[in-house]
Amino acid sequence: MSAAVSYERVRDHLDELGLEAALQHLDAILERGQKAELLPVEILDELLSRELAARFERRVNTNLKLAGLPAHTTLESFDYEAQPQVPRETIEELASLRFLHQGENVILLGPPGVGKTHLACGLALKAIERGHRAYFLSLHDLVTKARVSRERNRLHNLMRTLQRPDVLLIDEMGFLPLKAEDATLLFEVVNKRYQRGKSIILTSNKSYGQWDEIFPDPVQVTAVLDRLLHHATTINIRGESYRLRHRREAGLKLN
Ligand code: ADP
Ligand code: MG
């Protein structure tokens, strides 16, 4: 078979197999192979690596969309000097994602505006960049979704959505007290993920001692905290709101 025929067949095969990136880079890789006198196996390696890299990038982009992060705030853009209560070493350790591989939880506590959601999203972004699946929702979203799901008899679908991601983010726990059925659902989510060794990142403006105000049943608070805290890092931020402080420092009048 002539080289030209083989070349055409390779193009067709790559196309049929859906190896788009390999097809796209075929000519350049063959040319480089010739110039650099690469071995056939090196050429194959390069071609397949290209394809895998492109697939990984696609997966990351898809996961990023599915995660529903409210903001793409990064850990790198977090100003530690403005918030000395946030231990940089702890955040850097979390950024290694060891917590996720070990199914541990991260709980960020503190008043509004201190960067809880910022850090939670930053950690989620790190996980997504490395190919993991994340899913973000506020506790309020969760309650709304649960109501809609119940009406449609689809609670099992919602449960699956909440179990599937490698890391589940539950934001703003504590802004509203939960009804009994929602508290039970939340317990089930926490419990199932705990049993499967899957991480949760949770933010709350209430300290653990105040979680009684969120759950109608004190036994449930104990049960939820028991699972959540078994393997967890808690970051307690007691500082001042970042935005308010910036406004104050800029000398603007607060109202
Ligand atoms: P919280 O979730 O604790 O209410 P956010 O994470 O929403 O607070 O932070 C409020 C705003 O201030 C966001 O835009 C966030 O990016 C920013 N912010 C808060 N703390 C910091 C910080 N230390 N460095 C940089 N930006 C910050
Ligand atoms: Mg927040």
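Residues numbered from 1 in each chain as written. Chains lettered and ligands numbered in written order. Predicted model: local features only at pLDDT ≥ 70, side-chain atom pairs only at ≥ 80, totals over all residues. Heavy atoms only, no water.

Observations concerning the site of ligand 1
Formally: A cutoff of 4 Å decides nearness: a residue is near a molecule or strand if any of its heavy atoms lies inside that distance of it. The term polar contact refers here to a pair of N or O atoms within 3.5 Å; inside protein, the definition further demands a hydrogen-donor-capable atom paired with an acceptor-capable atom, and it admits residues adjacent in sequence only when both atoms are side-chain atoms. Using the Shrake-Rupley algorithm and a 1.4 Å probe, accessible areas are obtained, with residue cover drawn only from the displayed protein chains. Secondary structure elements follow DSSP: runs of H or I of four or more residues count as helices, runs of E of two or more count as strands, with numbering from the N terminus. Three classes are used: nonpolar for Ala, Val, Leu, Ile, Met, Phe, Trp, Tyr, Cys and Pro, charged for Asp, Glu, Lys and Arg, and polar for all others, with Gly counted as polar.
Contacts to ligand 1 come from 15 residues, most closely from D79, G113, K116, T117 and H118. In the model, an oxygen atom of ligand 1 is placed 3.1 Å from a nitrogen or oxygen of the G115 main chain. Interatomic distance of 2.6 Å between a side-chain N/O atom of H118 and an oxygen atom of ligand 1. Relative to its free-state accessible area of 560 Å², ligand 1 is covered by the protein chains to the extent of 81%. Mapped onto the shell around ligand 1, the elements with two or more residues apiece are helix 6 (116-129) and helix 11 (242-249). Among the elements that take part in the shell around ligand 1, helix 6 stands out by supplying three residues, more than any other. Across the shell around ligand 1, the residue classes break down as five nonpolar, seven polar and three charged.

Notes on helix 2 (residues 20-35)
Defined as follows: What a helix should span is 1.5 Å times the count of its residues minus one. Throughout, the bend at a residue refers to the angle made by two axes, fitted to the seven residues ending there and to the seven starting there. Burial classes follow relative accessibility: with a 1.4 Å probe on protein chains only, a residue under 20% of its type's maximum area counts as buried, one over 50% as exposed, and anything between as partly exposed.
Spanning 16 residues, helix 2 covers 24 Å between terminal C-alpha atoms, matching the ideal 22 Å at 1.5 Å per step. L26 marks where helix 2 bends most, by close to 50°. Looking at helix 2, one finds that the buried residues are A21, A22, L23, L26, I29 and G33.

So, the pairing of strand 4 (residues 199-204)
Under the convention used in this document: For two strands to be treated as a pair, DSSP must find at least two bridges joining them. With its strands directed away from the observer, a crossover is right-handed exactly when the path from the first strand over the helix to the second travels clockwise.
Within strand 4, six of the six residues are buried, leaving the element largely enclosed by the surrounding structure. Residues S199, I201 and T203 of strand 4 are buried on one face, and the alternating residues I200, L202 and S204, pointing to the opposite face, are buried as well. Alignment of strand 1 (residues 105-109) against strand 4, held across four bridges, turns out to be parallel. Looking at the pairing, L108 lines up with T203 of strand 4. Here strand 3 (residues 167-173) runs beside strand 4; their pairing, made up of five bridges, is parallel. If you follow L169 over to strand 4, its bridge partner there is I201. Running through helix 9 (residues 180-195), the crossover from strand 3 to the neighbouring parallel element strand 4 is right-handed.

Quick look at a negative patch on the surface
Threshold: Patches in this entry comprise residues that are over 30% relatively accessible and not in a salt bridge; like charges within 9 Å are linked, as are nonpolar side chains (Val, Leu, Ile, Met, Phe, Trp, Tyr) within 5 Å. Salt bridge, as applied in this entry: a Lys or Arg side-chain nitrogen positioned within 4 Å of an Asp or Glu carboxyl oxygen. The charged-residue count follows a simple rule in which Lys and Arg add positive charge and Asp and Glu add negative charge, with His and chain termini not counted at all. Charged groups are reduced to one reference atom each: NZ for lysine, CZ for arginine, CG for aspartic acid, CD for glutamic acid.
On the surface, a cluster of negative charge is made up of E8, D12, D15, E16 and E20. Residue classification places D12 among the partly exposed residues on the basis of a relative accessible area of 48%.

Here we look at the sheet that holds strand 3
What counts here: Helix axes are fitted to C-alpha atoms over the stretch in contact, other axes to C-alpha atoms as well, and angles between N-to-C directions run from 0 to 180 degrees. A contact between two residues is defined here by any heavy atoms of the two lying within 4.5 Å.
Pairing is parallel across the open sheet formed by five strands, whose spatial order is 2-3-4-1-5. The open sheet has two edge strands, strand 2 (134-138) and strand 5 (232-236), and neither has a second partner. Along the sheet, successive strands turn relative to each other by an average axial angle of 10°, direction set aside. Against the sheet, helix 9 engages strand 3 and strand 4, with an angle of about 145° to strand 3.

Things to note about the pattern of salt bridges
Once their charged atoms are close, side chains differing in charge can pair, the charge on each being opposite to the other. The full count for this structure, using the stated rule, is 11 salt bridges. Across the pair R32 and E46 runs a salt bridge, and its minimum N-O distance is 2.7 Å. Taken together, the residues R32 in helix 2 and E46 in helix 3 (residues 40-67) connect sequence positions 14 residues apart. Look at R32 and you get partly exposed, because its relative accessible area is 41%. Ionic contacts of the salt-bridge type, sharing partners, join the residues R150, E181 and D182 into one network.

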